[in-house]
Amino acid sequence: MGTRLIALDLDGTLLNEKMHVSEKTRQVMELCAQRGIEIVPATGRALPAVPEEVLSLPGVHYGIFTNGAVVRDFGKNTWVSESCLSWEETIRVIEVLRRHPVIYDMYVSEGGVSETRLPAQLGEYGIPERECAYIRATRRAVTDMVEYLREKKCPVQKMNLNFKDRESKQAVRAKLEAMPEVLVTSSLPWNLELNAAGITKGSGLRNLCQYLGIEAEETMAFGDGENDWPMLEAAGIGVAMENGAPFLKERADRIAASNREEGVAEAIRQWVLI
């Protein structure tokens, strides 16, 4: 059974160390498109925060965003699926967070939302400047997130939490994992990411496959972080990047070279375009 769909994490996977898609990788995507293989960005980012160079890749007709909370059909300009935290659930999470040294923001249908204090505090949390710039560029500031949620009553696709130290991160994680309505994962050493219970990149991939009539055995998925594991597990072939988390490499079906070495392109050439 051949590969009909390839799901690709972005940061640390498809994107190189300069946060771009290399020309070699773009050429491989073109070859996949010529064979009718669907290329699916699968990211923790919200759709507005995904680079146009990714969305314009050959073969990209669908996307999995905010860790699987939303799956998009670009051709029909509609959501394939959407599974969010309610605004009431999100407020309960914030009530927990306010008792700890953590900064947080969220994705709603309109894009990223943060409190006005967040941009000035980013530098205090040891987050690399490139990440800080990305956060500042993709968040809309509001005075108080709880007041915003009570006024808008909008569902929340995902929350992002940033910590100064491992101890604070682990303490907050333990409290959040005790909340049955929340799924907790991480993609970076300093962060946690919250989705509705049961919602992962893996659930997003399954929803998309059902929508397209593609069997799991006909899919391949690439990733480098904790939040990628459910997707790698759901795919017919789960591929961890050499630069990925150790536990991910231990569990994956295969290992690709690092994103700095265009590992996605090389792996697809060897394992798919044969």
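Reading the values: rules and limits
Residues numbered from 1 in each chain as written. Predicted model: local features only at pLDDT ≥ 70, side-chain atom pairs only at ≥ 80, totals over all residues. Heavy atoms only, no water. Helix = DSSP H or I, 4+ residues; strand = E, 2+ residues; numbered from the N terminus. Rg over C-alpha atoms; globule rule 2.2 N^0.38 Å. Buried < 20%, exposed > 50% of the residue type's maximum accessible area, 1.4 Å probe, protein only. Contact = heavy atoms within 4.5 Å. Areas by Shrake-Rupley, 256 points an atom, 1.4 Å probe, with all protein chains shown as cover. Lys, Arg positive; Asp, Glu negative; His and termini not counted. Charge placed at Lys NZ, Arg CZ, Asp CG, Glu CD. Polar contact = N/O pair within 3.5 Å; in protein donor to acceptor, adjacent residues only side chain to side chain. Salt bridge = Lys/Arg side-chain N within 4 Å of Asp/Glu carboxyl O. Pairing = 2+ DSSP bridges. Axes fitted to C-alpha atoms, helices over the stretch in contact; angles between N-to-C directions. 1 Å grid on protein atoms, 1.4 Å probe; cavity = no way out; pocket = protein on both sides within 12 Å on 5 of 7 lines; lining within 4 Å. Points joined across faces, edges and corners; volume = space filled by probe spheres on them. Left-handed = near helix turned anticlockwise from the far one by under 90°. Nonpolar A, V, L, I, M, F, W, Y, C, P; charged D, E, K, R; others polar.

**Q** When you look at the overall build of the protein chain in this model, what are you seeing that I'm missing?
**A** Counting its secondary structure elements, the protein chain contains 12 helices and 14 strands. Rg of the C-alpha trace for the protein chain: 18 Å, near the compact-globule value of 19 Å for 274 residues, within the 12% margin. Based on the C-alpha atoms only, the size of the protein chain along its principal axes is roughly 55 × 35 × 30 Å. For the protein chain, the proportion of its 274 residues judged to be buried stands at 56%. Taking all contacts inside the protein chain whose residues are at least 6 apart in sequence as the whole, residues at least 24 apart take part in 60%. Carbon and sulfur atoms form 47% of the exposed surface of the protein chain, whose accessible area is close to 11,700 Å². Charge separation in the protein chain, taken as the distance between the mean sites of 32 positive and 40 negative side-chain charges, equals 2 Å.

**Q** Sorry, what's going on with unusual backbone geometry here?
**A** Negative phi values dominate among residues other than glycine, just as trans dominates among peptide bonds. A positive phi angle, close to 65°, is found at methionine 19, a residue other than glycine. Structurally, methionine 19 can be placed in the loop between α1 (10–14) and α2 (23–34). Here the phi dihedral of lysine 153 falls at roughly 50°; this positive angle occurs in a residue that is not glycine. Within the fold, lysine 153 resides in the loop between α7 (145–152) and β9 (158–163).

**Q** Before we go on, may I ask you to explain the side chain of serine 186 in this structure?
**A** Tracing the backbone shows serine 186 in the loop between β10 (182–185) and β11 (191–196). A distance of 3.0 Å separates a polar side-chain atom of serine 186 from the backbone oxygen of leucine 188. When near neighbours in sequence (up to four residues on either side) are disregarded, serine 186 contacts Lys169, Arg173, Asn191, Leu192, Glu226 and Asn227.

**Q** Which parts of the structure should I look at to understand the pattern of salt bridges?
**A** Pairing between side chains of opposite charge can happen when the charged atoms of each approach one another. Scanning all chains against the criterion turns up 16 salt bridges. The closest approach of N and O atoms between arginine 4 and glutamate 218, which form a salt bridge, is 3.3 Å. Note that arginine 4 is positioned in the segment before β1 (5–8) and glutamate 218 in the loop between α9 (201–212) and β12 (219–223), a separation of 214 residues in sequence. Given a relative accessible area of 35%, arginine 4 falls into the partly exposed group.

**Q** Just checking my understanding: could you explain the sheet that holds strand β8 (residues 139–142) for this structure?
**A** Sheets are built from strands paired through backbone hydrogen bonds, the pairs being either parallel or antiparallel. On the basis of which strands lie adjacent, the open sheet formed by six strands has the order β8-β7-β6-β9-β11-β10 and mixed pairing. What marks the edges here is a single partner per strand, and that holds for β8 and β10. Taking the axes of each pair of neighbouring strands and ignoring which way they run, one obtains an average angle of 25° across the sheet. Pairing between strand β6 (residues 102–108) and β9: six bridges, direction antiparallel. In the sheet register, valine 102 faces β9, and the bridge partner there is phenylalanine 163.

**Q** Got a minute to help me understand empty space enclosed by the protein in this structure?
**A** Once rolled over the atoms, a probe with the size of a water molecule shows which space is left empty. Scanning the model with the defined rule gives one cavity of 30 Å³ or more in all. The volume enclosed by the largest cavity comes to roughly 50 Å³. Thr13, Leu14, Asn16, His20, Ser22, Thr25, Asn259, Glu262, Gly263 and Val264 are the residues that line the largest cavity. Within the residue set of the lining of the largest cavity, elements represented by two or more residues are α1 and α12 (263–271).

**Q** What's the story with the packing of α2 against α12 in this structure? I'm lost.
**A** Relative to each other, α2 and α12 sit at 35°, their axes nearing to 8 Å. Considering only the axes of α2 and α12, their crossing is left-handed. Contacts from Lys24, Thr25, Val28, Met29, Leu31 and Cys32 in α2 reach Val264, Ala265, Glu266, Ile268 and Arg269 in α12. Residues that form the contact of α2 with α12 fall into these classes: seven nonpolar, one polar and three charged.

**Q** What's the story with the layout of surface pockets in this structure? I'm lost.
**A** Quantified by volume, the largest pocket comes out at close to 900 Å³. Lining the largest pocket are 41 residues, with Asp11, Glu131, Ser187, Leu188 and Trp190 positioned closest to its centre. Only α1, β6, α6 (129–137), β9, β11 and α11 (246–251) provide two or more residues apiece to the lining of the largest pocket. A per-element tally of the lining of the largest pocket places α6 first, with four residues. Across the lining of the largest pocket, the residue classes break down as 11 nonpolar, 14 polar and 16 charged.

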